[in-house]
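# Reading the structure
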Amino acid sequence: MKKLPALAALAAGILLLSGCSEQVSKYTACGSITSQAVQVTGAIGALTSPTPEAARAALDEVRGVVENIRLVDGPDEFVTLREAWTTSIDAVVAEGENALAGNPGNMDAVTSDLRTTTEAIVGYCAP
């Protein structure tokens, strides 16, 4: 009889955990991208650097970070937001490459899209 309360507690814990697995997955995924979001934001800010070398280094940094972001898995909604975010980061990198090659493109539009997708994933990850 003494084992019955322990078994009931264990069963309740299992039910609670199974119902919360998506929440746990969300927080794990969001925690994984927090520092990378800061790193992307800082590096993209460096694209306006007065030297092409610094701008190229920033692009290289962003490329590495975006690959790490693509590896983060989570719930379906997170993955959808992550894909939109990484696509907009790729667009900023492409426009940065064009600008470095002397072909000014539409950096305002891609940075605006990046801002929107970053706000969406940050909003999703906010508690």
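Rules of the game
Residues numbered from 1 in each chain as written. Predicted model: local features only at pLDDT ≥ 70, side-chain atom pairs only at ≥ 80, totals over all residues. Heavy atoms only, no water. Disulfide = S-S within 2.5 Å. Helix = DSSP H or I, 4+ residues; strand = E, 2+ residues; numbered from the N terminus. Buried < 20%, exposed > 50% of the residue type's maximum accessible area, 1.4 Å probe, protein only. pLDDT = per-residue confidence, 0-100. Contact = heavy atoms within 4.5 Å. Salt bridge = Lys/Arg side-chain N within 4 Å of Asp/Glu carboxyl O. Expected span 1.5 Å × (residues − 1). Arc of directions from axis to C-beta. Lys, Arg positive; Asp, Glu negative; His and termini not counted.

## Considering the state of the cysteines
Here the structure, examined in full by the defined rule, presents one disulfide. One disulfide in the model links Cys30 with Cys125; its S-S distance is 2.0 Å. Across the disulfide from Cys30 to Cys125, rotation about the S-S bond amounts to roughly -75 degrees, and the bridge is consequently left-handed. With Cys30 in helix H1 (residues 3–45) and Cys125 in helix H4 (residues 107–125), the pair connects residues that are 95 residues apart, well separated along the chain. In this structure Cys30 comes out as buried when scored by relative accessible area, which is 4%. In this structure Cys125 comes out as buried when scored by relative accessible area, which is 17%.

## Some details on the confidence of the model for the chain
Averaged over the chain, the pLDDT score is 80; the fraction of residues at 70 or greater is 83%. Per-element confidence in the chain ranges from a low mean pLDDT of 65 for H1 to a high of 92 for helix H3 (residues 76–100). Across residues 4–16, where pLDDT falls below 50, the model places zero contacts with residues more than four positions away in sequence or in other chains.

## Looking at the pattern of salt bridges
As enumerated under the stated definition, the model contains six salt bridges in all. A salt bridge links Glu97 to Arg56; its shortest N-O distance comes to 3.1 Å. A residue pair is termed long-range when its members are at least 10 positions apart, and Glu97 in helix H3 and Arg56 in helix H2 (residues 52–70) qualify at 41 residues. For the salt bridge of Arg63 with Glu97, the shortest nitrogen-to-oxygen distance reads 2.2 Å. Of this pair, Arg63 sits in helix H2 while Glu97 is found in helix H3, placing the two residues 34 residues apart along the sequence.

## Section: H4
Note: α-helices contain 3.6 residues per turn, so residues at a spacing of three or four share the same orientation. Under the 1.5 Å per step criterion, the end-to-end length of H4 is 27 Å for 19 residues, consistent within 8% with the ideal 27 Å. By the burial criterion, the buried members of H4 are Val110, Thr111, Leu114, Thr117, Thr118, Ile121, Tyr124 and Cys125. When H4 is viewed along its axis, its buried side chains cluster within an angular range of 145 degrees and face the same direction. Exposed residues on H4 whose side chains face more than 90 degrees from its buried face are Asp108 and Glu119.

## Re the side chain of Lys26
One can find Lys26 in helix H1. Lacking a salt bridge, the buried Lys26 has Glu77 as its closest oppositely charged neighbour, with an N-O distance of 6.8 Å. Those residues in contact with Lys26 that lie beyond four places of it in its chain are Pro75, Tyr124 and Cys125.

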